[in-house]
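Structural overview for review
Take a look at the letters that make up each chain.
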Amino acid sequence: MADNSTLVSETGRSLLADSSVLDSKIIETSKDNVCPGSGLDVEEEMPQIETRVVLVREAGKHEELLKALEEIKVPYIKTDTIEELGDSDSPEFETIFVVSDFQDSVFNNLCKADCRVIGPPVVLHCAQKGEPLPFSCRPLYCASMLNLVLCFTGFRKKDELVKLVTLVHHMGGIIRRDFSSKVTHLVANSTHGDKFRVAVSLGTPIVKAEWIYKAWEKRNETDFCAADDDFRNQFKVPPFQDCTLSFLGFSDDEKANMEEMTEMQGGHYLPVGDERCTHLVVEESTVKDLPFEPLKKLYVVKQEWFWGSIQMDARAGESMYLFEKSESPGLKKSVSLLSLSTPNSNRKRRRLKETLAQLTRETDMSPFPPRKRPSAEHSLSIGSLLDISNTPESSTTNGETPKSCARPSKNSTPLPLKQSARWQVAKELYQTESNYVDILTTIIQLFQVPLEKEGQLGGPILAQEEIKTIFGSIPDILDVHTKIKEDLEDLMMNWTESKSIGDIILKYSKDLLKTYPPFVNFFEMSKETITRCEKQKPRFHAFLKINQAKPECGRQSLAELLIRPVQRLPSVALLLNDIKKHTAEENPDKTTLERAIESLKEVMTHINEDKRKTEAQRQFFDVVYEVDGCPANLLSSHRSLVKRLETVALGDDLCDRGEQVTLFLFNDCLEIARKRHKVIGAFKSPHGHTRPPASLKHVVLMPLSQIKKVLDIRETEDCHKAFALVVRPPTELNNKLLSFQMTTEEPPKEEWLKMLCRHVANTICKADAENLIYTADPESVEVNTKDMDSTLSRASRAIKKTSKKVTRAFSFSKTPKRALRRALMSHSATEGRSPSSANESYIGSRLTSTSSLAGVPSPSLVSLPSIFEKRSHTLSRSTTHLI
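Quick summary incoming for the structure in this document. Worth saying up front: this structure is predicted, and the values here are computed from it rather than measured.

**Comments concerning the overall build of the chain**
Each helix and strand counted, the chain has 28 helices and 25 strands in total. Burial statistics for the chain: of 883 residues in total, 42% are counted as buried. The contacts in the chain between residues at least 6 apart in sequence include a share of 66% that link residues at least 24 apart. For the chain, the computed accessible surface area is about 48,700 Å², with 52% contributed by carbon and sulfur atoms.

Dropping the structure here:
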């Protein structure tokens, strides 16, 4: 098959499109393979003649279309048949036909006659933009693909390609046969071929043919654009389309995760060895050789290809990730050199001894001889990037000395073979500081910088707000510790016992106080963001998999690396204490070290206090988001959340008896909320974070000063874990009794009541908090918890709620009072009575009904005579009825 073919549509025009599956060569051409005038941006010099619009059939009945033509001041005529117009090629005017259906016979006849044909959306688009009608040699129905340049690859069926190209032209798009930088979209039917590879490398959007069909379905929407990201992303070609993968060398959990990701990204998976597989993904660290001889058509790739394809949201090129056997000629040579059983073993043994002696001499030239302290042995080597291992093997493997350590100082002098204990600990401080700076550099260079990079293939992996939440003030912390490391390095290269280490820490204590709290306070949020994004965003999950597998990370995850700043300051404080122990009393640095340690303690204390305040603020906002209708005045700088308690209401005052109630105890108020019966939809923030819907409904926000007494109700067979509050609202003359039953084991009831009374006493400025607690019998306050969890009780509560809804629906109280009075007055007038007498009669009947209802006792509002052991007090019965 030819690489590119010229297709002829039913209208007789040539359509240039790619019909090959595997393109042999991509060249940049300056000549556009497209019919002149196919785009809306082509301008031709035309004689100044009048334009006439002919509305054919249904187009003439389009009221909005007629208005649009009047706005752009173009004359028009209506017709049902083309024959009525006669010859449309008149030199006096240019005729443009507006046709609503590009499939009927009238449209085909106009195309054969080379007439200018447009659709109603084009006229509406021009009127909206204030532009003249476009000139196009092809029929143009709408402008949804205006200025888009498309290229096709992987299509074998000529009829399908003709249809797609025709639709693109109808929507104002341009077709190119050869792929170039001018192409805005690649329509692919296969992930093979050079065009696909170049599109991936250039970041050109790659879409399915369905994108064109769906765009054509929206052709009558004037404001629709096919290039819109949200619309286009629905039809992007997934990374593993046309791929069947198998996995070798992975654990069961990893394999299951990768198989799930494969299906999510449009691919399939089969067991290892199946001939239908197109790719074998190998874990190179565990697999040294393949268990079978792979077929020529099978790509054997490293796992980096798998995660890289997901990260860039397109199938990566396999040539860069091919799996190779670990045994190499260099390795064979090294093995043969170490083998001493050959005839030339003496010569090889001599060569090996010379090599070892040379390595020993190079080690002795290091400015830092081996340490002698047992506590620090094998802990951290100068050359290790991350202090993740205590084994000597890790030190020798990554034993390259950083350039900063190897740089000689101008004033350096030869160091004696044996140094003091103070020098040994100071060297450890420098080594750990150097490792810490390398870790922070790795976090920024390996993770933060790539995520913030503009022009990422497949678009940004994370939003800027998420990146800021994850990394926080890491760059600022790195700047401070880089300076500390340089000062420590200079001190070690010019070491004397009188050198002051404490001055270096004191010099940067203010910078540490400024940079650490923002990161430490939001470290938990940073970890939560990483976990959430890794679950919800496959590209970020792939990004972490690729970078965390690199040797710079030392087999540690991003979250594990980010915990290092949290641990660093306590570690420095311990090392400074160790240095102080080995510092002589007459050394001036002794006092300086004490001040440095105190300054670090102040920084850590400030961080802890700041973190406590931050956590309190987070708890505040959690309450606000969880409670629907929460009062705005709950938020206050002096207010803090003390405890949350889950209870069940035992009375009918605040809500129905048996309903779940949550008490939020603050230092000066009590927020009471009930469980919502209907949960509203989730709240979505502008940054795309979905917050769970509010599960509670606000009932009342009660200042603690309104609580007059706290009743500890005795435990009986019919009453468990119950307590009550005697409160007096400012609008009431009498006290109210609010009773609850605790539904959780923690905190214990006694502890909760003491905590509540202590904050009540603090609010009303009383020292005797225990005097607020009174013990009461369940019978005296008419409290019973026996039937709270029974099926009958739940059924009765449901019936009660239903009856309330029915009563509310048929209640006459919804009738406006004025209308009711007017009806009564008119009724009394017909009977010869005065309006005043009728009104008095109406009011009297209302009062009678109210008094009769007032006689019904309420179980939650009862008189409390002689129920306290410490003092006698009578609470009058208070009942409020709303009719």
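**Section: the environment of Arg 116**
Within the element layout of this structure, Arg 116 appears in strand β6 (residues 116-118). The exposure class assigned to Arg 116 is buried, which follows from its relative accessible area of 13%. Each C-alpha atom of the pair Arg 116 and Ile 96 lies 5.2 Å from the other, and the pair is 20 residues apart in sequence. Each residue touching Arg 116, except ones within four places of it in the same chain, is listed here: Glu 94, Thr 95, Ile 96, Phe 97, Leu 133, Pro 134, Phe 135 and Ser 136. Here the side chain of Arg 116 touches Pro 134 through a polar contact of 2.5 Å, landing on its backbone oxygen.

**A short note on the pattern of salt bridges**
Counting across every chain of the model gives 28 salt bridges. Through salt bridges with shared partners, a single ionic network connects Arg 422, Glu 497 and Asp 589.

**Regarding the side chain of Arg 315**
Considering the arrangement of structural elements, one finds Arg 315 in the loop between α9 (303-312) and α10 (329-338). Looking at Arg 315, its side chain comes within polar contact range of the side chain of Thr 191, at 2.7 Å. Within the local environment of Arg 315, its side chain forms a polar contact with the side chain of Glu 318, the two groups lying 2.8 Å apart. The residues contacting Arg 315, other than those within four sequence positions of it, are Thr 191, His 192, Phe 196, Arg 197, Val 200, Pro 239, Cys 243, His 279, Tyr 299, Trp 305 and Ser 309.

**Topic: the pairing of strand β18 (residues 669-675)**
Where burial is concerned, most of β18 is hidden: five out of the seven residues are buried. In terms of strand pairing, strand β17 (residues 660-666) meets β18 through five bridges, oriented antiparallel. Following the sheet pairing, Leu 663 is matched in β18 by Ile 672. Inspection of the sheet shows β18 paired to strand β21 (residues 696-703) by seven bridges, in the antiparallel sense. Bridging from a neighbouring strand, Leu 670 pairs with Met 702 of β21.

Rules used throughout
Residues numbered from 1 in each chain as written. Predicted model: local features only at pLDDT ≥ 70, side-chain atom pairs only at ≥ 80, totals over all residues. Heavy atoms only, no water. Helix = DSSP H or I, 4+ residues; strand = E, 2+ residues; numbered from the N terminus. Buried < 20%, exposed > 50% of the residue type's maximum accessible area, 1.4 Å probe, protein only. Contact = heavy atoms within 4.5 Å. Areas by Shrake-Rupley, 256 points an atom, 1.4 Å probe, with all protein chains shown as cover. Polar contact = N/O pair within 3.5 Å; in protein donor to acceptor, adjacent residues only side chain to side chain. Salt bridge = Lys/Arg side-chain N within 4 Å of Asp/Glu carboxyl O. Pairing = 2+ DSSP bridges.

That is the geometry; function is a separate question.
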